[in-house]
Amino acid sequence: MRAKTVEDREILELVDPVADSLGLEIVRVRLMGGTLRRRLQIMAERPADNDISVEECARLSRAMSEVLDAADPIAGEYLLEVSSPGIDRPLTRLKDFDIFEGLEARLETDRMIEGRKRFKGLLAGTEDESIAIDLDGEDDTALIPFDWLADAKLVMNDALLKRGAAIRAARGEPEDDGLPQGSADQPKTQTEDDA
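Residues numbered from 1 in each chain as written. Predicted model: local features only at pLDDT ≥ 70, side-chain atom pairs only at ≥ 80, totals over all residues. Heavy atoms only, no water.

A.B. asks: Help me out: how do you make sense of the environment of L154 in this one?
C.D. replies: In this fold, L154 is placed in strand 8 (residues 149-154). C-alpha of L154 to C-alpha of R89: the two residues are 65 residues apart in sequence and 5.7 Å apart in space. Each residue touching L154, except ones within four places of it in the same chain, is listed here: I87, D88, R89, L91, F100, L103, E104, A105, L123 and L160. (Helix = DSSP H or I, 4+ residues; strand = E, 2+ residues; numbered from the N terminus. Contact = heavy atoms within 4.5 Å.)

Below you can see the structure in the form of structure tokens.
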């Protein structure tokens, strides 16, 4: 699921070693858009903590640009976008379902399973090559073959936000209140220049 199309898979083969050389892993590669100006979206992270800094994104982008320019796997112009998977990240590797066990996820399969293709519930890890998920409204844990997944991602909710806050706190990062520095909510102080 890291790469869906043949073109995506060819690009992944080129950029995987580049990311690995920088101590990063590619989470997903998607070449999007029509024939005019396409967008190559690459999500990456550090394997140690499933995160990535802006500086690491920039370094990875520069390194991948050299490889992509030399190999020229994409016809025409494209925009390279390197980013983190985000908080409500896609789940693209079997190990993701173990890493994020206990969190809520939405899954979509490429075939019908008991009359449906979409599932939502709490991840319960993996068993062999299948995803275990405690589905909403059902008593038993369902097993869905990983190879049958078309799409999977975490659901944005309080538990996911709290997990992110705990990780930032453990790294010693301040809480982000979402307000820009010097916002209207902060009291202004008068300086000599203002008087």
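A.B. asks: Could you clarify how one ought to interpret the sheet that holds strand 8 in this entry?
C.D. replies: The strands that make up a sheet pair up through hydrogen bonds in the backbone, lying either parallel or antiparallel. On the basis of which strands lie adjacent, the open sheet formed by 5 strands has the order 7-6-5-4-8 and antiparallel pairing. Each edge of the sheet is formed by a strand with only one pairing partner; in this case those strands are strand 7 (141-145) and strand 8. Averaged over all neighbouring strand pairs, the angle between strand axes comes to 45°, with direction disregarded. The sheet contact formed by strand 4 (residues 104-113) and strand 8 spans 5 bridges and is antiparallel. Pairing of E108 across the sheet is with D151, part of strand 8. (Pairing = 2+ DSSP bridges. Axes fitted to C-alpha atoms, helices over the stretch in contact; angles between N-to-C directions.)

A.B. asks: Help me understand unusual backbone geometry in this model?
C.D. replies: Glycine aside, residues mostly have negative phi angles, and peptide bonds mostly take the trans form. Of note, D72 is a non-glycine position whose phi angle comes to about 50°, a positive value. Mapped onto the elements, D72 comes out in the loop between helix 2 (54-71) and strand 3 (77-83). Residue class for D72 comes out exposed when judged on its relative accessible area of 56%. One non-glycine residue, D128, lies in the positive phi region at around 55°. (Buried < 20%, exposed > 50% of the residue type's maximum accessible area, 1.4 Å probe, protein only.)

A.B. asks: How should I be thinking about the packing of aromatic side chains in this particular structure?
C.D. replies: Scanning the model with the defined rule gives 1 aromatic pair in all. Seen in terms of ring centroids, F97 and F146 are 6.2 Å apart; in terms of plane orientation they differ by 75°. Their pairing is edge-to-face. With F97 in helix 3 (residues 96-99) and F146 in the loop between strand 7 and strand 8, this pair connects stretches of sequence that are 49 residues apart. By the burial criterion, F97 is buried, and F146 matches it. (Phe/Tyr/Trp six-rings, centres within 6.5 Å; stacked < 30°, edge-to-face > 60°.)

A.B. asks: Quick question: what am I supposed to make of the nonpolar core here?
C.D. replies: Generally speaking, nonpolar side chains in soluble globular proteins are found buried as a group. Within the largest apolar cluster, 21 residues are counted, with the highest numbers of intra-cluster contacts made by I26, L40, L60 and M64. Looking at this core, the elements that each hand over two or more residues are helix 1 (6-21), strand 1 (25-32), strand 2 (37-45), helix 2 and strand 3. The leading source of residues in this core is helix 1, at 5 residues. Leaving out residues up to four positions away in the same chain, M64 has contacts with V15, V18, I42, L80 and V82. With 20 residues, the next largest nonpolar core counts L103, L107, L123 and L160 among its residues. (Core = buried A, V, L, I, M, F, W, Y, C linked by side-chain atoms within 4.5 Å.)

A.B. asks: What is the right way to look at the packing of helix 1 against helix 2 in this model?
C.D. replies: Each pair of packed helices gets described by two things: the angle between the helix axes and the distance between those axes. The N-to-C vectors of helix 1 and helix 2 enclose an angle of 140°; their axes lie 10 Å apart at closest approach. With respect to helix 2, the axis of helix 1 lies oblique. For the pair helix 1 and helix 2, the crossing hand works out as right-handed. In this structure, helix 1 uses I11, L14, V15, V18 and A19 to contact helix 2, whose residues at the interface are L60, A63, M64, V67, L68 and A71. Counted by class, the contact of helix 1 with helix 2 contains 11 nonpolar, no polar and no charged residues. (Parallel < 35°, antiparallel > 145°, perpendicular 65-115°, else oblique. Left-handed = near helix turned anticlockwise from the far one by under 90°. Nonpolar A, V, L, I, M, F, W, Y, C, P; charged D, E, K, R; others polar.)

A.B. asks: Quick question: what am I supposed to make of the layout of surface pockets here?
C.D. replies: Unoccupied space between atoms shows up once a probe the size of one water molecule is rolled over them. When its volume is computed, the largest pocket comes out at roughly 420 Å³. Every residue lining the largest pocket is counted, 17 residues in all, and those nearest its centre are N50, D51, G86, I87 and G164. Reported here for the second largest pocket is a volume of approximately 160 Å³. I113, E114, R116, F119, L135, E138, D140, A142, L143 and I144 together form the lining of the second largest pocket. Listing elements by their share of the lining of the second largest pocket, those giving two or more residues are strand 5 (116-127) and strand 7. The leading source of residues in the lining of the second largest pocket is strand 7, at 3 residues. Looking at side-chain class alone, the lining of the second largest pocket contains 6 nonpolar, no polar and 4 charged residues. (1 Å grid on protein atoms, 1.4 Å probe; cavity = no way out; pocket = protein on both sides within 12 Å on 5 of 7 lines; lining within 4 Å. Points joined across faces, edges and corners; volume = space filled by probe spheres on them.)

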